Amino acid sequence: MIKLGINIDHVATLRQARGTKYPSVVEAALRAEQAGADSITLHLREDRRHMQDEDIFAIRPLLQTKMNLELAATDEMIAIASQVKPQDVCIVPERREERTTEGGLNIKDTYEQLYRATQTLTEQGSRVSLFIAPDLKDIDLAKKMGVPVIEIHTGSYADADNEISKQKELKRVTDAAAHALSLGLTVNAGHGLHYHNVNLIAGISGIDELNIGHAIVAHALFVGWDNAVREMKLLLRNYST
């Protein structure tokens, strides 16, 4: 069955809105695991808009599953990851003005920088993933770079405002996943997925894990954190092939 990675960034967003010590991101991570999460994803951004350095260090030794740390390929972030040593690191593009990660990496224009980052992270023991658009050329470059995993950005699928566009974007993701699998890569996916659109992505053969955060945090306001995680886990169980 397809795995579920829970992104807890927006638990930290709620905390940072008032500068309090609650809600606890540590508690969110541990209870997500207890409710069935297969991994915990968190993004340490350059501007520290949600997750803080101390959060990463506090959560890492307590997890029973694994940490998937999202970060930009900067010297600062690579140095932090080298200290934390998360099981997985997903390199993502980052711009301060964006509300959330808006697209995949530009691998072609930043190949050397990404290659150095992936080598450093791999040497310190993390499995490295690149967050990329469902583009076959980018997948080929990821394979050339030697990373074992890609995460396909599903934002264009999630944002499609009519059925024709939705099916077009779904086909892009499906074709990208199939191409990556043919190259021996592990395929994850995520961005913009929620309880009403995850079905078609979860049904794509060969995707290993979906990383979902905002929708689960939002749903938890009404049904509780544990139930929100369990409901998404059940959807993946029902829809995955």
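Note: the structure precedes this text.
Reading guide: rules and limits
- Residues numbered from 1 in each chain as written.
- Predicted model: local features only at pLDDT ≥ 70, side-chain atom pairs only at ≥ 80, totals over all residues.
- Heavy atoms only, no water.
- Helix = DSSP H or I, 4+ residues; strand = E, 2+ residues; numbered from the N terminus.
- Rg over C-alpha atoms; globule rule 2.2 N^0.38 Å.
- Buried < 20%, exposed > 50% of the residue type's maximum accessible area, 1.4 Å probe, protein only.
- Contact = heavy atoms within 4.5 Å.
- Pairing = 2+ DSSP bridges.
- Salt bridge = Lys/Arg side-chain N within 4 Å of Asp/Glu carboxyl O.
- Expected span 1.5 Å × (residues − 1).
- Arc of directions from axis to C-beta.
- Polar contact = N/O pair within 3.5 Å; in protein donor to acceptor, adjacent residues only side chain to side chain.
- Phe/Tyr/Trp six-rings, centres within 6.5 Å; stacked < 30°, edge-to-face > 60°.
- Axes fitted to C-alpha atoms, helices over the stretch in contact; angles between N-to-C directions.
- Parallel < 35°, antiparallel > 145°, perpendicular 65-115°, else oblique.
- Left-handed = near helix turned anticlockwise from the far one by under 90°.
- Nonpolar A, V, L, I, M, F, W, Y, C, P; charged D, E, K, R; others polar.

Summing up its helical and strand segments, the protein chain has 11 helices and eight strands in all. For the protein chain, whose C-alpha radius of gyration is 17 Å, the value lies close to the compact-globule estimate of 18 Å for 241 residues. Along the first, second and third principal axes, the C-alpha atoms of the protein chain reach 45 × 40 × 35 Å. Here the protein chain, with 241 residues, has 49% of them falling under the buried criterion. Taking the contacts inside the protein chain whose residues are at least 6 apart along the sequence as the reference set, 67% of them involve residues at least 24 apart.

Going residue by residue along strand β4 (residues 88–91), you find Asp 88 and Cys 90 tucked away on one face and Val 89 and Ile 91 tucked away on the opposite face as well. Both strand β3 (residues 67–71) and β4 contribute to a ladder of four bridges, which runs parallel. Pairing of Leu 69 across the sheet is with Val 89, part of β4.

Moving on, we come to the pattern of salt bridges. For the structure on display, the rule yields 12 salt bridges. Here Arg 31 and Asp 226 are joined by a salt bridge, their closest N and O atoms 3.1 Å apart. Taken as a pair, Arg 31 in helix α2 (residues 25–34) and Asp 226 in helix α11 (residues 225–239) lie far apart in primary sequence, 195 residues in all. With a shortest N-O distance of 2.6 Å, Arg 48 and Asp 53 are connected by a salt bridge. Judged by relative accessible area, Asp 53 falls into the partly exposed class, the value being 23%. A single network of salt bridges, built from pairs that share partners, joins Glu 27, Arg 31 and Asp 226.

The first and last C-alpha atoms of helix α8 (residues 163–182) sit 28 Å apart over 20 residues, in line with the 28 Å expected at 1.5 Å per residue. Listing the buried residues of α8 in full gives Glu 169, Leu 170, Val 173, Ala 176, Ala 177 and Ala 180. When α8 is viewed along its axis, its buried side chains cluster within an angular range of 125° and face the same direction. α8 presents Ile 164, Lys 168, Lys 171 and Ser 182 as exposed residues on the side facing more than 90 degrees away from its buried surface. For α8, the secondary structure elements touched by its buried residues are α6 (136–145), β6 (149–153), α7 (155–159), β7 (186–190), α9 (198–202) and β8 (207–212). Two or three places before Ile 164, at the start of α8, stands the capping residue Asn 162, its side-chain oxygen 3.2 Å from that residue's backbone nitrogen.

A word on the packing of aromatic side chains. Describing an aromatic ring pair means giving the distance of the ring centres and the angle of the ring planes. Applying the stated criterion across every chain yields a total of one aromatic pair. Measuring from centroid to centroid gives 6.5 Å for Tyr 111 and Tyr 115, while their planes differ by 5°, and the two rings are stacked. Placement of the pair is Tyr 111 and Tyr 115 together in helix α5 (residues 111–123), with a separation of four residues, close to one helical turn. When its relative accessible area of 34% is taken as the criterion, Tyr 115 is described as partly exposed.

As a further point, take the environment of Met 1. Looking at the secondary structure, you find Met 1 in the segment before β1 (3–7). Measuring from C-alpha to C-alpha, the distance between Met 1 and Tyr 239 comes to 9.2 Å, with 238 residues separating the pair along the chain. Those residues in contact with Met 1 that lie beyond four places of it in its chain are Lys 233, Leu 236, Arg 237 and Ser 240.

The N-to-C vectors of helix α10 (residues 214–223) and α11 enclose an angle of 125°; their axes lie 7 Å apart at closest approach. One way to sum up the angle between α10 and α11 is to call them oblique. As for the relative orientation of α10 and α11, their crossing is right-handed in sense. Packed against α10, whose contacting residues are Ile 216, Val 217, His 219, Ala 220 and Val 223, the element α11 presents Trp 225, Asn 227, Ala 228, Val 229, Glu 231 and Met 232 at the interface. Here the residues of the contact of α10 with α11 are counted per class, giving eight nonpolar, two polar and one charged.

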